Amino acid sequence: MASLTMPDPAELDRLDVSRGSLWEANAWRPLFARLRAEEPVSFCPQSAFGPYWSITRYDDIVAVEGDAQTYSSSWEHGGIVIFDMKDTGVQLRMFIAMDDPEHAEKRKAIAPAVTPTAMAALAGAIRQRTADLLDTLPEGEVFDWVHTVSIPLTTAMIATLFDFPWDERHKLAPWSDWCAKIDIGPDPVLNAEREGHIFEMAARFRELYDERKAQPVRPDLLSMMAHADSFGEMDEQRFIGAIALLLVGGNDTTRNSMSGMIERITLFPEAWAQVKADPARLAGGAATETIRLQTPIAHMRRTATRDVELHGKTIRKGDKVVLWYNSGNRDETVFPDADRWDPERENSRRHLSFGYGIHRCLGARLAELQLTTLIEEMAKRDMDVKLAGEIERLASCFTNGYEHIPVTMSRSHD
Ligand code: HEM
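Just so we're clear, the structure is a prediction, and the values are computed from it rather than from any experiment. (Residues numbered from 1 in each chain as written. Predicted model: local features only at pLDDT ≥ 70, side-chain atom pairs only at ≥ 80, totals over all residues. Heavy atoms only, no water.)

### Details of the sheet that holds strand 5 (residues 299–304)
Short version of the rule: In this description, strands pair whenever DSSP reports at least two bridges between them. In this description a helix means any DSSP run of H or I spanning at least four residues, a strand means any run of E spanning at least two, and both kinds are numbered starting from the N terminus. When checking whether two residues touch, look at their non-hydrogen atoms; a contact exists if any pair is within 4.5 Å. Inter-axis angles, ranging from 0 to 180 degrees, are taken between N-to-C directions of lines fitted to C-alpha atoms, where helices are fitted over the stretch in contact.
Read across the sheet, five strands follow the order 1-2-8-5-3 without closing on themselves; strand pairing throughout is mixed. Of all strands in the sheet, those with a lone pairing partner are strand 1 (41–44) and strand 3 (71–72), marking the two edges. Strand contacts of helix 3 (residues 58–65): strand 1, strand 2 (52–55), strand 3, strand 5 and strand 8 (320–324), with the helix running at about 130° to strand 8, the strand carrying the most contacts.

Written as structure tokens, this is what we have:
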């Protein structure tokens, strides 16, 4: 396991914060605090993912995301995560890994599916699924929040969003996981397996899409896409890419924010008591603060398209630039007492967990709706959740998430 000790000041500009062990041990905070304070734009010459720049202050992340011409998202340069997408077998043409103008066209096709009106149409189903699941939880027994609540609830939500056949919903999580495996490299066996799952997913979604197109528009993502003019004009690779993006985009992220919420309420029981006492006022803030502190996607990556100066450093054309949202979300100049979960924090919505600029998350409202609904339904049941063992985390600098959270739970019986 790599050393987790504090680097000496001379080593700060070579610090490799991408090491999975740092994330698994939840040991990244002090290192990022030092980078923000002493070396906010730092170059790591060697890592498992090659050389890369780390951007760790809030304002610098916003500046980089605000200049999409200089800092490209395109798959042609390697894409949007610290490992390059170029070498993987089947290429999913997701618009998150495209630059404008193509990105803007594809984004426009999906946008009508996530307007406030579209969200309002889904809200009832989301609340019902959430309530049903909470009512099945065992009281006084140890259970794993990740596998008993976060994963099934996220799967149910995604099935609801797409109005995907309920008895086939178990297929969604494995499809999403296979789509997300873009770091498997050139291994032909794994790539063939991945391709098989992706084609199976594409075929099933194509069937459903064609069915929805032939029917009047309904309040689900697939039907709304089928009735959006620009969506139907996509070629097959881009169609699959758009479906995969919605599936992957809404899967691990939302799941880990539901788990992150439990970690927060166990760390800040007094704030949770306040939320339960006044959910109408505080549930939304509790959800936003959870998403800020949890930061389900720890980073996005860009590639410099020209030589550019940032904080006196010269970033060269072709360099990888990693935007650490987890760090920007703890920048004390923007969020005083940044590590505190404060449902009343006034500027919590300025967090960077959904990114910034032309690629800002299209599912942000939906993610907030899901998490706020979960918090409201827990408050309605006066639920208290306590940790009953060690939290196990993923060893990933991209998906900042949880393997297991053992808990016990109590609730009222009114
Ligand atoms: C807490 C939950 C979520 C988090 C933290 C999250 C995070 C992100 C981030 C960081 C980006 C990239 C932003 C950038 O590059 O500036 C993004 C983009 C995106 N997200 Fe989310 N997301 C979440 C939930 C969802 C959901 C529920 C959906 C849809 C069902 C979704 C769909 C998308 C799409 C389509 C994009 C691409 C936007 C573009 O490239 O224009 N996300 N998300």
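So much for the structure itself; the text now carries on.
### Digging into the site of the ligand
The condition is simple: Only a single heavy atom is needed: when it lies within 4 Å of a molecule or strand, its residue is near that molecule or strand. Polar contacts here mean pairs of N or O atoms no more than 3.5 Å apart (in protein, one a potential hydrogen donor and the other a potential acceptor; neighbouring residues in sequence count only if both atoms are side-chain atoms).
Near the ligand there are 28 residues, and of these Glu65, His103, Arg107, His359 and Cys361 occur at the shortest range. Here a nitrogen atom of the ligand and a backbone polar atom of Gly249 are 3.4 Å apart. Within the side chain of His359, a nitrogen or oxygen atom sits 2.7 Å from an oxygen atom of the ligand. Listing elements by their share of the shell around the ligand, those giving two or more residues are helix 4 (102–110), helix 11 (236–267), strand 5 and helix 15 (364–380). Examining the composition of the shell around the ligand, we find that six residues originate from one element, helix 11, more than from any other.

### Description of the side chain of Glu39
Rules: Exposure classes here rest on a 1.4 Å probe applied to the protein chains alone. A residue is buried below 20% of its type maximum, exposed above 50%, and partly exposed in between.
By secondary structure assignment, the location of Glu39 is in the loop between helix 2 (29–38) and strand 1. A residue is classified by how much of its surface remains accessible, and Glu39, at 18% relative accessible area, is buried. A polar atom in the side chain of Glu39 sits 2.4 Å from the side chain of Lys313.

### Examining a negative patch on the surface
Using the following cut-off: Residues enter a patch when their relative accessible area is above 30% and they make no salt bridge; the linking distance is 9 Å between like charges and 5 Å between nonpolar side chains (Val, Leu, Ile, Met, Phe, Trp, Tyr). Accessible surface area values rest on a Shrake-Rupley calculation with a 1.4 Å probe, where residue burial reflects the displayed protein chains alone. Within this document, salt bridges are pairs made up of a side-chain nitrogen of Lys or Arg and a carboxyl oxygen of Asp or Glu, the two lying within 4 Å of each other. Residues counted as positive are Lys and Arg, residues counted as negative are Asp and Glu, and His and the chain ends are not counted. Where a charge sits is defined by one atom per residue type, namely NZ (Lys), CZ (Arg), CG (Asp) or CD (Glu).
On the surface, Glu24, Glu390, Glu392 and Glu403 cluster together to form a negatively charged patch. Secondary-structure assignment places Glu24 in helix 1 (residues 20–24).

### A short note on the pattern of salt bridges
All chains considered together, the criterion is met by 34 salt bridges. One salt bridge connects Arg29 with Asp339, and the closest N-O pair in it is separated by 3.7 Å. With Arg29 in helix 2 and Asp339 in the loop between helix 14 (325–328) and helix 15, this residue pair connects regions lying 310 residues apart in the sequence. Of the residues examined, Arg29 reaches a relative accessible area of 24% and is grouped as partly exposed. By relative accessible area, Asp339 is classed as partly exposed at 42%. The salt bridge partner of Arg127 is Glu376, with a shortest N-O separation of 2.6 Å. Note that Arg127 is positioned in helix 5 (residues 116–135) and Glu376 in helix 15, a separation of 249 residues in sequence. Residue Glu376 is classed as partly exposed on the basis of its relative accessible area of 25%. Salt bridges sharing common partners tie together Arg127, Asp135, Glu376, Glu377, Lys380 and Arg381.

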